[in-house]
Amino acid sequence: KKVGIAVALIKKPKLYIMDEPTNGLDPLVKKSLFSLLKAEVENGSTVFISSHNLKEIEDHCNRVAFIKSGKIIDEVEIDDNMNRSKVVKIVGEFDDGINSLEGLRDLKVNESYYRFLFNGEMSTLLSKLNNMEISDISINNISLEEEFLGYYESGENHDN
């Protein structure tokens, strides 16, 4: 695997197409590979990576395309975190009126917490949450893996 990657990098092509390039590589070699690929991109090359390691893609790529049944169903700019849905987890007394918030979807109620995706106005959400008795809250950008699973579990095209 290392030899194949080295041969590809030595030729300095303008386009790299890599399928699961980090499978079987140890963490130090993976880090070196992504460092070398970043340098190639900075020098004007384009790198396409096909991978099931979505965390790796999220950490090292600037754009991702979701492909389903051989067609691109969505493209996401990784650096564009402001437009990505938020994953909200709340522990506390939940106000049922929050269900009506524009941009809220996939509400899951557990014995100990509430979880939902949100891509509406953050100020509106925070205003609504301000009236609730909350013992813990986390609001994070949706991970690429969660976004990916959303496309394939629901069969729908979700907003970024």
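Residues numbered from 1 in each chain as written. Predicted model: local features only at pLDDT ≥ 70, side-chain atom pairs only at ≥ 80, totals over all residues. Heavy atoms only, no water.

*Asks:* I'd love a proper account of the sheet that holds strand β8 (residues 134-141), names of residues and values included.
*Replies:* Spatially, 4 strands are ordered β6-β7-β5-β8 in an open sheet, and the strand pairing comes out antiparallel. In this open sheet, the two strands that pair with only one neighbour each are β6 (104-109) and β8. The average angle at which neighbouring strand axes cross in this sheet is 15°, direction not considered. Bridge count for β6 against strand β7 (residues 114-118) is 4 bridges, and the pairing is antiparallel. Along β7, the bridge assignment pairs R105 with L117. Contacts from helix α4 (residues 122-130) reach β5 (86-92), β7 and β8 within the one sheet, and its direction differs from that of β8 by about 170°. (Pairing = 2+ DSSP bridges. Helix = DSSP H or I, 4+ residues; strand = E, 2+ residues; numbered from the N terminus. Axes fitted to C-alpha atoms, helices over the stretch in contact; angles between N-to-C directions. Contact = heavy atoms within 4.5 Å.)

*Asks:* A description of the pattern of salt bridges should follow, citing residues and the corresponding values.
*Replies:* Pairing is possible between side chains of opposite charge, provided their charged atoms come close. All told, the structure shown has 6 salt bridges when counted by the stated rule. Linking R105 and D106 is a salt bridge whose minimum nitrogen-to-oxygen distance equals 3.7 Å. R105 sits in the buried class, given a relative accessible area of 18%. Residue classification places D106 among the partly exposed positions, given a relative accessible area of 34%. (Salt bridge = Lys/Arg side-chain N within 4 Å of Asp/Glu carboxyl O. Buried < 20%, exposed > 50% of the residue type's maximum accessible area, 1.4 Å probe, protein only.)

*Asks:* Could you give an account of the environment of L117, with specific residues and numbers?
*Replies:* Tracing the chain through its elements places L117 in strand β7. Residue classification places L117 among the buried residues on the basis of a relative accessible area of 8%. The spacing of L117 and S85 is 32 residues in sequence and 6.3 Å in space, taken between C-alpha atoms. Non-local contacts of L117, meaning those with residues more than four positions away in its chain, are made with K86, V87, G103, L104, R105, D106 and I142.

*Asks:* Please provide a residue-by-residue account of unusual backbone geometry, values included.
*Replies:* Negative phi characterises most residues that are not glycine, and trans characterises most peptide bonds. Within the chain, E20 stands out as a residue other than glycine whose phi angle is a positive 50°. Along the chain, the position of E20 falls in the loop between β1 (15-19) and α2 (27-42).

*Asks:* Please set out the pairing of β5 residue by residue, giving values where relevant.
*Replies:* Of the pairings in the sheet, the one linking β5 to β7 comprises 5 bridges and is antiparallel in character. Each residue of the ladder has a partner; that of I90, found in β7, is Y114.

*Asks:* Tell me about a nonpolar patch on the surface, and please be specific about residues and values.
*Replies:* On the surface, a nonpolar cluster with roughly 340 Å² of combined accessible area is contributed by L15, I17 and F48. Note on placement: I17 falls in strand β1. (Patch = residues over 30% accessible without salt bridge, like charges linked within 9 Å, V, L, I, M, F, W, Y side chains within 5 Å. Areas by Shrake-Rupley, 256 points an atom, 1.4 Å probe, with all protein chains shown as cover.)

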